[in-house]
Amino acid sequence: MLNTAGLSLDQAPPIRVPFAFFLAAPFFVFLAGALLLWQGEAALLTRWSPSALALTHLIALGFLTQVMLGALFQMLPVLIGARVPGAAWIAPLVQVFLILGTLALAVGLQWGGAVWLSLGGGALAVGLAVFMGAAGVALARGRGAPRTLQAMRLALFGLLMTLLLGVLLVAGLLGVPIGGLTAWVDLHLGWALLGWVGMLILGVGYQVVPMFHVTPAYPAWLARPAAWVILSGLLLATAATLMGWGGLAVWGFGSAVGVLAIFALVTLDQQRRRERPRIDVTLLHWWSAMLSVLLAAVVWLSDGRAELVGVLVLVGVGLGLPSGMLFKIMPFLSWFHLQHRQVAARRFDVRLPHMQAFIPERWARVQFGLHLSALLALTLAAVWPETVWLTPLGALMMMSAAALLSWLQLGCYRRHLQIGRRFLTSCAQ
Amino acid sequence: MSSIITEAFTHDHHACDHLLAAAEKSLTSGDWAVIGQASEALISTVNHHFDVEEQTLFPRLASIYRVASNPIEVMCSEHAQMRALLSDLGEAVAQRDRDTCQGVLETFHFLTQQHNSKEEIVLYPMADGALRDQATEIAGLVARES
């Protein structure tokens, strides 16, 4: 039987929905950079410092999750042929809760305060639960590439676990007695980075790596078991934490880390075999993110500094990969919506510029350079925390990269609106 | 369930991907005879693919499954978008404008990828279900030299 429920190939939702997420995201990196500039020493000295916790959430939720949610609202119809129901009004609702929750949580983690922590945890729980409900409906109806679908479904489960553990930890901070709190923090981190982010990179990567640069498909020996191994590893770690067996939990995390490291290696090899010759800024971001994954895995496996792993994962992957994707997605959507209107109205008198005119490649490369300098400075700062000038340098680079990203995004959107207006005027004549 | 149509048309999509990559590669050579040939190969293969879909596959599918007519309309409007880009490409090659060629190919590539993904996920499996007895005949129309 054919399942035709929810069948629609429209480019749902309207462009303002994903753009609201994309445009808001760099603001949080800017905030994180400012916090790092102000409290940087403590942040890179120990992952348990209030500023390290606040920074992590500003980047992971404010930037990374924000971009990922915006992209999912946009891309699910393309990737799995099912759109998120009611996206046009659910998305802004989710975004308001995400933004409020992230800001309140960051304030609560940095300065303490039961009100901020409960407000942050509560708002995030509501916003993410609404998102998971809506995306869950789309994923249940979805079809197409089974590996992508499976990884996306498991990523959503990873987000759910991250959220539940996060709420538990907030309760712990508010005074509810929880034994072995640090083990639960590790578990929260594991589900967040491996279960939500890692799994989503897998799912999206299977589709977009071959698509963007025309590479062979990912080999079945990797794609078939990868998501399941990560899931089993995280479930094992969860069970071990519940039983209080710390040693066993590490094995669970280790298997998931291993899979992602292999995924990174295979991705680099796929991209080496690409047919499209040009090295665009998206490819540069993929390379630096995959190298960061590999380096982070090596540091973690050799029991290196957790702060170094944090920098590589949050800055190298968390800031880099979404930026690289935005440089393709935003110009494309701007162009697509304009050209769609032209074709629908059969009016071609306003000449439409091509994708690259919306975000100039040269400036995107400068942004990549700033990002890379920030990554390098902060990586070195995490290796040698006693070299005090490295952290502020990295923080400034990070803020500049965020500011430039924001500027390029606004330029893209302004261009879109300008041409849209010109088109309306020409139709009215 | 049979997947003869899905496989043949997906295969033809990949053939178009390879031709696009080849056209991009030809731009680096700077030889306009080579660039012209590569673009021509891309344009004619893509147009042939559209023709088979618009003249045979889509009308036959729509006559059996009315529910398919909305997605088909969306697909055809994207075909129109892609045709407009291909005509831009032809113009840019005639004017030997390398930057525009590159810009058009990049835009065309992105548009095509998201378009193909939707066809492969939704429309072709539907066609395989609806047009079981004609599948081999229709698939034969895109299985030319590739």
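Criteria and cut-off values
- Residues numbered from 1 in each chain as written.
- Chains lettered and ligands numbered in written order.
- Predicted model: local features only at pLDDT ≥ 70, side-chain atom pairs only at ≥ 80, totals over all residues.
- Heavy atoms only, no water.
- Helix = DSSP H or I, 4+ residues; strand = E, 2+ residues; numbered from the N terminus.
- Buried < 20%, exposed > 50% of the residue type's maximum accessible area, 1.4 Å probe, protein only.
- Contact = heavy atoms within 4.5 Å.
- Areas by Shrake-Rupley, 256 points an atom, 1.4 Å probe, with all protein chains shown as cover.
- Lys, Arg positive; Asp, Glu negative; His and termini not counted.
- Charge placed at Lys NZ, Arg CZ, Asp CG, Glu CD.
- Rg over C-alpha atoms; globule rule 2.2 N^0.38 Å.
- Phe/Tyr/Trp six-rings, centres within 6.5 Å; stacked < 30°, edge-to-face > 60°.
- UniProt positions renumbered as here; feature names shortened; annotations may be inferred.
- Salt bridge = Lys/Arg side-chain N within 4 Å of Asp/Glu carboxyl O.
- Buried area = accessible area lost by both parts, 1.4 Å probe.
- Polar contact = N/O pair within 3.5 Å; in protein donor to acceptor, adjacent residues only side chain to side chain.
- Nonpolar A, V, L, I, M, F, W, Y, C, P; charged D, E, K, R; others polar.
- pLDDT = per-residue confidence, 0-100.
- Axes fitted to C-alpha atoms, helices over the stretch in contact; angles between N-to-C directions.
- Parallel < 35°, antiparallel > 145°, perpendicular 65-115°, else oblique.
- Left-handed = near helix turned anticlockwise from the far one by under 90°.

Regarding the overall build of chain A
What chain A contains, in helices and strands, is 12 helices and zero strands. Ordered by position in the sequence, the α and β elements of chain A form the string α-α-α-α-α-α-α-α-α-α-α-α. With the principal axes as the frame, chain A shows a C-alpha extent of 70 × 55 × 45 Å. In chain A, which comprises 429 residues, the proportion classed as buried is 58%. Contacts in chain A between residues at least 24 apart in sequence constitute 79% of all its contacts with a sequence separation of at least 6. For chain A, the exposed area adds up to about 16,800 Å²; of that, 72% sits on carbon and sulfur atoms. Taken together, the 25 basic and 11 acidic charged side chains of chain A have centroids lying 16 Å from each other.

Section: the overall build of chain B
A tally of helices and strands in chain B yields five helices and zero strands. Starting at the N terminus, the α and β elements of chain B follow one another as α-α-α-α-α. In terms of overall dimensions, chain B is globule-like: its C-alpha atoms have a radius of gyration of 16 Å, near the 15 Å expected for 146 residues. Reported as C-alpha extents along the three principal axes, the dimensions of chain B are approximately 50 × 30 × 20 Å. Going through the 146 residues of chain B one by one, you find that 55% of them count as buried. Residue pairs at least 24 apart in sequence account for 81% of intrachain contacts in chain B once pairs closer than 6 positions are excluded. Total accessible area computed for chain B in this model is approximately 5,900 Å², and 52% of it derives from carbon and sulfur atoms.

Quick notes on the packing of aromatic side chains
Residues and elements named next belong to chain A. With the rule as written, the count across this model stands at 15 aromatic pairs over all chains. Look at Phe19 and Tyr413: their rings are 5.5 Å apart centre to centre, the planes differ by 55°, and that puts the pair in the tilted class. Of the two residues, Phe19 sits in helix α1 (residues 16-45) while Tyr413 sits in helix α12 (residues 390-428), which places them 394 residues apart along the sequence. Residue class for Tyr413 comes out partly exposed when judged on its relative accessible area of 22%. Judged by centre distance (5.6 Å) and plane angle (75°), the ring pair of Phe73 and Phe131 falls under edge-to-face.

Some remarks on the UniProt feature "domain: Hemerythrin-like" (unreviewed entry) in chain B
On the UniProt side, "domain: Hemerythrin-like" (unreviewed entry) is annotated at positions that read residues 5-127 of chain B here. Between the C-alpha atoms that bound residues 5-127 of chain B the distance is 7 Å, and the span itself is 93% helix and 0% strand.

So, unusual backbone geometry
Both trends apply: most residues other than glycine have a negative phi, and most peptide bonds are in trans. All names here are of chain A. Of note, Val214 is a non-glycine position whose phi angle comes to about 50°, a positive value. For Val214, the location among the structural elements is in the loop between α6 (181-213) and α7 (220-243). Its identity as a non-glycine residue notwithstanding, Asp303 has a phi of 60°, on the positive side. Tracing the chain through its elements places Asp303 in the loop between α9 (281-301) and α10 (306-345).

Focus on the pattern of salt bridges
Inspection of every chain in the model, using the stated rule, returns 13 salt bridges over all chains. Residue Arg276 of chain A is joined to Glu24 of chain B by a salt bridge in which the shortest nitrogen-to-oxygen separation is 2.5 Å. In this pair, Arg276 of chain A sits in the loop between α8 (246-272) and α9 while Glu24 of chain B sits in helix α1 (residues 4-29), so the two residues belong to two different chains. Taken together, the shared-partner salt bridges connect Arg276, Asp280 and Lys328 of chain A together with Glu24 and Glu106 of chain B into one network.

What to know about the interface of chain B and chain A
Every contact between the two is made by 37 residues of chain B and, on the other side, 32 residues of chain A. Buried area between chain B and chain A, summed over both chains or domains, comes out near 3,400 Å², and the portion from carbon and sulfur atoms is 65%. For the chain B face of the interface with chain A, the top three residues by lost area are Gln81, Phe110 and Ile121 of chain B, together amounting to 20%. Put simply, chain B and chain A have three salt bridges between them. Where chain B packs against chain A, one counts eight residue pairs in polar contact (both at pLDDT 80 or more). Where the side of chain B that touches chain A is concerned, the elements lending two or more residues are α1, α3 (69-94) and α4 (98-130) of chain B. When residues of the side of chain B that touches chain A are assigned to their parent elements, the largest contribution, 18 residues, is made by α4 of chain B. Residue composition of the side of chain B that touches chain A, grouped by class: 18 nonpolar, 11 polar and eight charged.

Points about the environment of Arg347 of chain A
Residues and elements named next belong to chain A. Along the polypeptide, Arg347 turns up in the loop between α10 and α11 (361-383). Each C-alpha atom of the pair Arg347 and Cys427 lies 7.4 Å from the other, and the pair is 80 residues apart in sequence. The contact partners of Arg347, leaving out residues within four places of it in the chain, are Gln342, Phe423, Ser426, Cys427 and Gln429.

Let's talk about the confidence of the model for chain B
Scored by pLDDT, chain B has a mean of 90; 97% of the residues are at 70 or more. Taking the mean pLDDT of every element in chain B, the minimum, 89, falls on α4 of chain B and the maximum, 95, on helix α2 (residues 32-64) of chain B.

Let's talk about the packing of helix α2 (residues 50-80) of chain A against α10 of chain A
Residue and element names in this part refer to chain A. α10 packs onto α2 with a crossing angle of 30° between their chain directions and a minimal axis gap of 10 Å. Compared by their axis directions, α2 and α10 come out roughly parallel. Crossing angle aside, the handedness with which α2 passes α10 is left-handed. Across the interface between the two elements, Thr56, Ile59, Ala60, Phe63, Leu64, Val67 and Gln74 from α2 touch Leu314, Gly318, Leu319, Pro322, Ser323, Leu326 and Leu333 from α10. When the residues that make up the contact of α2 with α10 are grouped by side-chain class, the tally is 10 nonpolar, four polar and no charged.

A word on the environment of Leu222 of chain A
Residues and elements named next belong to chain A. Mapping Leu222 onto the fold places it in helix α7. With 127 residues separating them along the chain, Leu222 and Asp349 place their C-alpha atoms 50 Å apart. Those residues in contact with Leu222, other than ones at most four positions away along the chain, are Tyr206, Ile262, Phe263 and Val266.

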